[in-house]
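Structural characterization, general
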Amino acid sequence: SAHGRQVNFGPGPAALPTSVLEEASKGILNFQGTGIGISEISHRSKEFVAYLENLKSLIREQLDVPESHAIMFTQGGGSAQFSAVAMNMLSRYRLLHPNAKAEDIKMDYVVTGRWSEKAAEEARRLGGGSVNVVVDSRKYSATGKLFDNIPPHEKSVYNFSPDPALICYCENETVDGVEFSHEPTSPAAFPFDLLPDAKLLPLVADYSSSFMCRTIPRLADHAIIFAGAQKNVGPAGLTILIVRKDCIVDVDAAVKFGASPVPLTLSYKTLFDTNSLYNTPPVFSMYVTGLVLEHLKALGGMPYFEELNRKKFTAVYEVVKKGAQQGTFQLKVKEGSESWMNVVFDIPDEAAKKRFLDDAKKNGLLNLAGHRLVGGIRVSLYNAITLEQTLQLVDYCNKFLEDELK
Ligand code: PLP
């Protein structure tokens, strides 16, 4: 393959389209004819500021982001947003309810996997309110211990607070391979209909591993959507934020009503007021992300990727099910709750698993081992993985399954 590149099924930083990287290599040397490379150019130059504006437009257009929401860029990844979300939304709540006592303030977390659990832990650490676990999906697994499902879509299951400072969920659990469905009628869809009544819902979604792989259901009803670039849209270093403007609040003004001070670099108001240029942004990562987003648009945007990603997932899932029927593979995620981006399964026989991974590597199919916490196999199918590469893996799995029967 071009440049000796192999197929990278890793969970992130993840594969990027080869054509985009070839284009990017030119910009590393000379960004848009300025005579200066992208990693060397001032983030305040008119060329870069124009690039940043276009980057916002590419997201706004393709995801149909309404004008009620700002698109902003920052650093620190999804992890820094676990902190930023809690701090900014607690400040907002204090401004809305100046007499609230800390013990009355609720932060609602829907826990469906390791990432939403981490987000809840950070909110607990930061304090300023108490964390209400709306639901813990482990309760609905066969053993009571596994993040292997989207919980039943029932009012008695989702224990939302009446007026929380925030409601946080993770759309795609990268480690566990569990994802909310984007089909509104699926039982595994996010339960928008069960949310508390509010004109401006404080709904926050972690889209780190599913950003721009398909459309975002009910995007306009969200307060905040955040995602690191490094799975579907670019190199690590860039964090993308879509924030409804009522959630961009004066965090300093909230301090006199009992909110904790928010570091300037984590405050959405700082980012908004400075057009995401409060401090030096990750210029290179933004550049490559811009090229990726142009590439997505040229191919047909979200409708194209939804179709492609559905095909990829379906093809892999079919062979995984076949392997499970023959007893070589083991499914880990409840039917209907599976992630399109991270297909997670097991090969319970350790020797067979080692053969699977070693031979895959010999065939140029890399990074298929599951997360260190859960083991097994994980096939990450982010946007840059082509249908052809996916079918290469499916063929490989079919051959492996045949050999295992011998
Ligand atoms: N949320 C999800 C769903 C993730 O997959 C990850 C990382 O893989 C994170 C948050 C943390 O992101 P970061 O490493 O960019 O801080």
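Residues numbered from 1 in each chain as written. Predicted model: local features only at pLDDT ≥ 70, side-chain atom pairs only at ≥ 80, totals over all residues.

1. Some points on the overall build of the chain
- Along its length, the chain carries 10 helices and 14 strands.
- Taking the principal axes of the C-alpha coordinates as reference, the chain spans close to 70 × 60 × 35 Å.
- Within the chain, buried positions represent 47% of all 406 residues.
- In the chain, the share of contacts with a sequence separation of at least 24, taken over all contacts with a separation of at least 6, comes to 72%. (Helix = DSSP H or I, 4+ residues; strand = E, 2+ residues; numbered from the N terminus. Buried ≥ 20, exposed ≤ 12 C-beta atoms within 10 Å, placed from the backbone. Contact = placed C-beta atoms within 7 Å.)

2. Observations regarding the UniProt feature "domain: Aminotransferase class V" (unreviewed entry) in the chain
- Taking the UniProt record as the reference, the feature "domain: Aminotransferase class V" (unreviewed entry) is found at residues 8-389.
- Taken end to end, residues 8-389 is 35% helix and 15% strand, and its first and last C-alpha atoms sit 9 Å apart. (UniProt positions renumbered as here; feature names shortened; annotations may be inferred.)

3. Looking at unusual backbone geometry
- A cis amide bond links glycine 12 to the next residue, proline 13, at an omega of -5°.
- Inspection of the secondary structure assignment puts proline 13 in the loop between strand E1 (7-8) and helix H1 (18-29).
- Although it is not a glycine, methionine 212 sits at a positive phi angle of roughly 60°.
- Phi at serine 276 is positive, roughly 65°, even though this residue is not glycine.
- Among the secondary structure elements, serine 276 is positioned in the loop between helix H6 (268-273) and helix H7 (283-299).
- Accessibility expressed as a C-beta count within 10 Å gives 22 for serine 276, which makes it buried.

4. So, the domain arrangement of the chain
- What the domain assignment lists for the chain is domain 1 (46-296) and domain 2 (301-405).
- Using only C-alpha atoms to locate each centre, domain 1 and domain 2 end up separated by 29 Å.
- At the interface, 26 residues of domain 1 touch 23 residues of domain 2.
- When contributions to the side of domain 1 that touches domain 2 are tallied by element, the ones reaching two or more residues are helix H2 (46-63), strand E6 (172-173) and strand E7 (178-179). (Domains from an automatic or database assignment.)

5. Structural notes on the sheet that holds strand E8 (residues 203-206)
- Strand order in the open sheet formed by 7 strands is E2-E10-E9-E8-E5-E3-E4, and the pairing between neighbours is mixed. Two strands lie at the open edges of the sheet, namely strand E2 (69-74) and strand E4 (130-136), each paired on one side alone. Pairs of neighbouring strands in the sheet enclose a mean axial angle of 20°, with direction left out of account.
- Sheet analysis places strand E3 (residues 106-111) next to E4, joined by 6 bridges and oriented parallel. Along E4, the bridge assignment pairs lysine 106 with serine 130.
- Seen against the sheet, helix H3 (residues 77-96) touches E3, strand E5 (166-170), E8, strand E9 (224-228) and strand E10 (239-244) and runs at an angle of roughly 160° to E9. (Pairing = 2+ DSSP bridges. Axes fitted to C-alpha atoms, helices over the stretch in contact; angles between N-to-C directions.)

6. Notes on the packing of H3 against helix H4 (residues 114-126)
- Running from N to C, H3 and H4 point in directions that differ by 50°, and their axes come no closer than 9 Å. The orientation of H3 with respect to H4, classified from their angle, is oblique. Crossing of H3 over H4 shows right-handed handedness. Contacts between H3 and H4 involve Phe82, Ser83, Ala86 and Met87 on the former and, on the latter, Lys118, Ala119, Glu122, Ala123 and Leu126. (Parallel < 35°, antiparallel > 145°, perpendicular 65-115°, else oblique. Left-handed = near helix turned anticlockwise from the far one by under 90°.)

7. Quick look at the site of the ligand
- Within the structure, the ligand sits among Gly12, Gly77, Gly78, Ser79, Trp115, Cys170, Thr174, Asp206, Ser208, Ser209 and Gly228.
- When residues of the shell around the ligand are assigned to their parent elements, the largest contribution, 3 residues, is made by H3. (Near = placed C-beta within 6 Å.)

8. Digging into helix H10 (residues 387-405)
- The first and last C-alpha atoms of H10 sit 27 Å apart over 19 residues, in line with the 27 Å expected at 1.5 Å per residue.
- Restricting attention to buried positions, one finds in H10 the residues Gln389, Thr390, Leu393, Tyr396, Cys397 and Phe400. Projection of H10 onto a plane perpendicular to its axis shows the buried side chains occupying an angular sector of 120°, all on one side. Relative to its buried face, H10 has exposed residues pointing more than 90 degrees away, namely Glu388, Asp395, Lys399, Glu402 and Leu405.
- Its buried side turned inward, H10 meets E1, helix H8 (301-325), helix H9 (350-362), strand E13 (365-366) and strand E14 (377-380). (Expected span 1.5 Å × (residues − 1). Arc of directions from axis to C-beta.)

9. With respect to the sheet that holds E14
- Ordered in space as E11-E12-E14, the 3 strands form an open sheet in which the pairing is antiparallel. This sheet does not close on itself; its edge strands, each paired only once, are strand E11 (330-331) and E14.
- With 4 bridges connecting them, strand E12 (residues 342-346) and E14 associate as antiparallel partners. Bridge assignment links valine 343 to a residue of E14, and that residue is valine 379.
- Of the strands in this sheet, E11, E12 and E14 are in contact with H8, which crosses E12 at around 5°.

10. Considerations on the environment of alanine 15
- Tracing the sequence through the fold places alanine 15 in the loop between E1 and H1.
- For alanine 15, a count of 25 C-beta atoms within 10 Å corresponds to the buried category.
- Note: C-alpha distance between alanine 15 and glutamine 230 (215 residues apart in sequence) is 8.8 Å.
- Excluding its chain neighbours within four sequence positions, the residues that come into contact with alanine 15 are Asn8, Tyr382, Ala384 and Ile385.

11. With respect to the packing of H2 against H7
- At a minimum axis distance of 10 Å, the contact between H2 and H7 shows a crossing angle of 40°. Judged on the interaxial angle alone, H7 and H2 are oblique. The element H2 and its partner H7 pack so that their crossing is left-handed. Contacts between H2 and H7 involve Phe48, Tyr51, Leu52, Asn54, Leu55, Leu58, Ile59 and Gln62 on the former and, on the latter, Val283, Met286, Tyr287, Thr289, Gly290, Leu293, Glu294, Leu296 and Lys297.
- A class-by-class count of the residues in the contact of H2 with H7 yields 11 nonpolar, 4 polar and 2 charged. (Nonpolar A, V, L, I, M, F, W, Y, C, P; charged D, E, K, R; others polar.)

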